[in-house]
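Here's the letter readout for the chains.
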Amino acid sequence: MTNNGRVTKDGIRIYEPQDFAGMNRAGRLAARILDDVADHVVPGTTTGALDQFITEQVEAAGATSATIGYKGYQHASCISVNHVVCHGIPGDKVLKDGDILNIDVTVIVDGWFGDTSRMYVAGTASRKAERLVQVTHDALMKGIEAARPGNTFGDIGHAIQVYAESNRMSVVRDFCGHGLGRVFHAPPNVLHYGRPGTGAVLEEGMFFTIEPMINLGRPETKVLADDWTAVTRDKSLSAQFEHSIGITAQGCEIFTLSPNGTFHPTSG
């Protein structure tokens, strides 16, 4: 559990081979909690009830929520429904049949941060919502495919952008992925759009998230008066998937794989 290792000229920490084990433990717990909450995502429940379940799961595992107390935030998850892009605050909102929602959880295990989010459907999604969820999932995986030594962060963003726009959807530009490890947020900013060959070069030992937000309509967002909740300006549906990964000699390792194989809400 070292935090040694060098920092690149871009300020990106290069972690040691033994650090991958710590990230796997943290990522696996976050992913398991997202697996376990799935059965509770049903019409009639509230986002607050889902967050309470997540809080209890974090505590039961002997872990710490990274978000409770972060900049004053008081919940163990962000839950973003329909046209909410990210940072939705759990509360009294009752889920209706057909709602789509992103649940984002970050836990700390032995000092390592596990950060992941995925989409859920309450009841049965509309065809357009289902297609948005599918394209967003596949856009994330396109980005992950580009995450290997010698490529650049621009290659990751370009892969995501091209795929989303080829499906006539838009990539949110106001939020991005980030470095993590023994801290919640660190360099680099991982953009989900860009030009091939631009940005820092990927090196073995880099840890970061890829978490594209894809809109059915235009990419613009606005933050509500609570200073947290970001929504699409045109009220179009938005979706997001997030994995935490580490660059390896051959490509990358995903720390937040679903133990149940249910990262995609309609899989399995």
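Anything mentioned here points back to the structure above.
This structure is a prediction, so every number in the text was calculated from the model and none was measured. (Residues numbered from 1 in each chain as written. Predicted model: local features only at pLDDT ≥ 70, side-chain atom pairs only at ≥ 80, totals over all residues. Heavy atoms only, no water.)

Broken down by element type, the protein carries 4 helices and 15 strands. Seen along its three principal axes, the alpha-carbon backbone of the protein occupies a region of about 50 × 45 × 40 Å. Burial analysis of the protein (268 residues in total) assigns 53% to the buried set. Long-range pairs, those at least 24 residues apart, make up 70% of the contacts in the protein with a sequence separation of at least 6. For the protein, the accessible area works out to roughly 11,200 Å², and carbon and sulfur atoms hold 50% of it. Charge centroids of the protein, computed over 23 positive and 30 negative side chains, lie 6 Å from each other. (Helix = DSSP H or I, 4+ residues; strand = E, 2+ residues; numbered from the N terminus. Buried < 20%, exposed > 50% of the residue type's maximum accessible area, 1.4 Å probe, protein only. Contact = heavy atoms within 4.5 Å. Areas by Shrake-Rupley, 256 points an atom, 1.4 Å probe, with all protein chains shown as cover. Lys, Arg positive; Asp, Glu negative; His and termini not counted. Charge placed at Lys NZ, Arg CZ, Asp CG, Glu CD.)

It is worth spelling out the pattern of salt bridges at this point. Note that side chains of opposite charge can pair when their charged atoms are close. Per the counting criterion, the structure on display carries 8 salt bridges. The salt bridge involving Lys-9 is made with Asp-10; its shortest N-O contact spans 3.7 Å. Exposure remark for Asp-10: the relative accessible area of 40% places this residue in the partly exposed category. The residue Arg-118 makes a salt bridge to Asp-35 at a minimum N-O spacing of 2.6 Å. Here Arg-118 is found in strand S5 (residues 112-121), whereas its partner Asp-35 is found in helix H1 (residues 19-37), with 83 residues between them in sequence. Here Arg-118 matches Asp-35 in class, with each residue buried. (Salt bridge = Lys/Arg side-chain N within 4 Å of Asp/Glu carboxyl O.)

To continue, consider the nonpolar core. Judged by nonpolar contacts, the single largest core of 34 residues is most densely connected at Phe-153, Ile-156, Phe-208 and Ile-210. Listed by contribution, the elements that provide at least two residues to this core are helix H3 (127-145), helix H4 (153-166), strand S9 (207-210) and strand S14 (243-247). At 7 residues, H3 tops the list of elements feeding residues into this core. Setting aside residues up to four positions removed in sequence, Ile-210 forms contacts with Leu-140, Gly-143, Ile-144, Ile-156, Ile-160, Val-190, His-192, Phe-241, Glu-242, His-243 and Ile-245. Of all hydrophobic cores here, the second largest spans 33 residues; its members include Ala-30, Trp-112, Phe-113 and Phe-184. (Core = buried A, V, L, I, M, F, W, Y, C linked by side-chain atoms within 4.5 Å.)

The 3 strands lie next to each other as S6-S10-S13, forming an open sheet whose pairing is antiparallel. Every other strand in the sheet has two partners, leaving strand S6 (170-171) and strand S13 (238-240) as the edge strands with one partner each. Relative to strand S10 (residues 213-215), S6 runs antiparallel, the two sharing 2 bridges. Paired with Ser-170 across the bridge in S10 is Asn-215. Each of S10 and S13 touches H3; the most contacted strand, S13, lies at about 35° to it. (Pairing = 2+ DSSP bridges. Axes fitted to C-alpha atoms, helices over the stretch in contact; angles between N-to-C directions.)

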